[in-house]
Amino acid sequence: MELNSNQIREIIPHRYPMQLVDKIIDFEPGQWAEGIKCVSVNESFFQGHFPEEHVMPGVLIVEALAQCGAVAILSSDEFKGKIAYFGGIKNARFRRPVKPGDVLNLRCEIIERRGPLGFGKAVAKVDGKVACQAEISFAIGDAKNE
C-alpha cells in the first residue's frame with residue numbers, strides 16, 4: 001500500500017521544512033514502513049552543510065527514518081490521531097554520505113512495544129548500499145490540538 005506526501009501529512013504532524021519522507025512505498029500498520037526521500041540540491045540545509053561539498057546531515061537521515069517509523073506506528077487503529085515523540089537513538093552508524101540526486105530508501109520496523117513506548121530498527125540505503133542504520137525509540141502521546 002502506497003502513501004503520497006499529502007497522505008503522510010494526515011498521519012504525522014511534520015510540515016515543511018521538516019517533512020522528510022516524500023512517499024511511503026509500502027507498510028503494514030503498527031509493524032513496519034518503507035519510504036523514500038528524494039534528496040535535492042535545493043534542500044535548505046545544503047546552504048550550510050557544506051557549501052563546498054553538499055552532504056545531508058546524519059541527524060536528518062535519522063529523523064527521516066524516525067518519520068518512516070512514525071507512519072508505521074501511527075497508522076495502526078490504536079494510535080490514529082496521536083503523535084510519536086522521539087525517545088532515543090542507539091547504535092547509529094553512518095556508512096556513506098548522502099548527496100543531492102540520491103534517493104534515500106528508508107525502512108523502519110517496530111521490533112518491540114510496551115504500552116505507549118516502542119523501539120524500531122531502521123535502515124537507510126542509497127542504490128542498495130547502507131547509508132545509515134540505527135535503533136530508535138519513541139513514546140506515543142496525545143496531539144496538542146485534541
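Above this text sits the structure in question.
Residues numbered from 1 in each chain as written. Predicted model: local features only at pLDDT ≥ 70, side-chain atom pairs only at ≥ 80, totals over all residues. Heavy atoms only, no water.

Q: Please explain the sheet that holds strand E2 (residues 32-38) as it appears in this structure.
A: Backbone-to-backbone hydrogen bonds join strands into a sheet, with any given pair of strands oriented parallel or antiparallel. With respect to topology, six strands assemble into an open sheet ordered E1-E2-E4-E5-E6-E3, the strand pairing being antiparallel. Only two strands of the sheet have a single partner each, and these edge strands are strand E1 (23-28) and strand E3 (82-94). When the angles between neighbouring strand axes are averaged without regard to direction, this sheet yields 20°. Judged from the ten bridges that link them, E3 and strand E6 (residues 129-142) form a sheet pairing that is antiparallel. Across the sheet, residue Ile89 finds its bridge partner in E6, namely Ile136. Where helix H2 (residues 58-74) meets the sheet, it contacts E1, E2, E3, strand E4 (103-114), strand E5 (117-126) and E6, and its direction lies at approximately 55° from that of E4. (Pairing = 2+ DSSP bridges. Helix = DSSP H or I, 4+ residues; strand = E, 2+ residues; numbered from the N terminus. Axes fitted to C-alpha atoms, helices over the stretch in contact; angles between N-to-C directions. Contact = heavy atoms within 4.5 Å.)

Q: Sorry if this is basic, but what is going on with the layout of surface pockets here?
A: A water-sized probe, rolled over the atoms, reveals where empty space remains. If you add up the space inside the largest pocket, you get close to 290 Å³. Lining the largest pocket are 15 residues, with Tyr16, Pro17, Gln19, Lys37 and Glu43 positioned closest to its centre. Class assignment of the residues belonging to the lining of the largest pocket gives a composition of seven nonpolar, four polar and four charged. In this structure, the second largest pocket occupies an estimated 230 Å³ of space. Of all the secondary-structure elements, those providing two or more residues to the lining of the second largest pocket are H2, E3 and E6. (1 Å grid on protein atoms, 1.4 Å probe; cavity = no way out; pocket = protein on both sides within 12 Å on 5 of 7 lines; lining within 4 Å. Points joined across faces, edges and corners; volume = space filled by probe spheres on them. Nonpolar A, V, L, I, M, F, W, Y, C, P; charged D, E, K, R; others polar.)

Q: I keep staring at the nonpolar core and nothing clicks. Help me out?
A: Across soluble globular proteins, nonpolar side chains show a tendency to be buried alongside one another. Ile24, Met56, Leu74, Val98, Leu104 and Leu106 are the most contacted members of the largest nonpolar core, which has 39 residues in total. Elements with a contribution of two residues or more to this core: E1, H2, E4, E5 and E6. Examining the composition of this core, we find that twelve residues originate from one element, H2, more than from any other. Those residues in contact with Val98, other than ones at most four positions away along the chain, are Val39, His54, Val55, Met56, Ile61, Leu104, Val126 and Ala131. (Core = buried A, V, L, I, M, F, W, Y, C linked by side-chain atoms within 4.5 Å. Buried < 20%, exposed > 50% of the residue type's maximum accessible area, 1.4 Å probe, protein only.)

Q: Please explain unusual backbone geometry as it appears in this structure.
A: Residues apart from glycine generally show negative phi values, whereas peptide bonds are mostly found in trans. Cis geometry is found at the peptide bond from Tyr16 to Pro17, where omega equals 5°. Relative to the elements of secondary structure, Pro17 occurs in the loop between helix H1 (5-9) and E1. Cis geometry is adopted by the peptide bond preceding Phe50, which originates at His49 and carries an omega value of -15°. Positionally, Phe50 belongs in the loop between E2 and H2. The phi dihedral of Asp127 falls on the positive side, at around 55°, and the residue is not glycine.

Q: I would appreciate a short explanation of the pattern of salt bridges in the present structure.
A: Taken as a whole and assessed by the stated rule, the structure comprises nine salt bridges. Note that Lys23 and Glu2 form a salt bridge whose closest N and O atoms lie 3.6 Å from each other. Here Lys23 is found in strand E1, whereas its partner Glu2 is found in the segment before H1, with 21 residues between them in sequence. Of the charged contacts, one joins Lys80 and Asp77 as a salt bridge, the two residues approaching to 3.3 Å between their closest N and O atoms. (Salt bridge = Lys/Arg side-chain N within 4 Å of Asp/Glu carboxyl O.)

Q: How should I be thinking about the state of the cysteines in this particular structure?
A: A disulfide bridge is the covalent bond that connects two cysteines by way of their sulfur atoms. Inspection of the entire model under this criterion finds zero disulfides. Just so you know, Cys68 is unpaired, no disulfide at all, and the nearest cysteine sulfur is the one on Cys108, 6.5 Å from it. Judged by relative accessible area, which is 0%, Cys108 ranks as buried. (Disulfide = S-S within 2.5 Å.)

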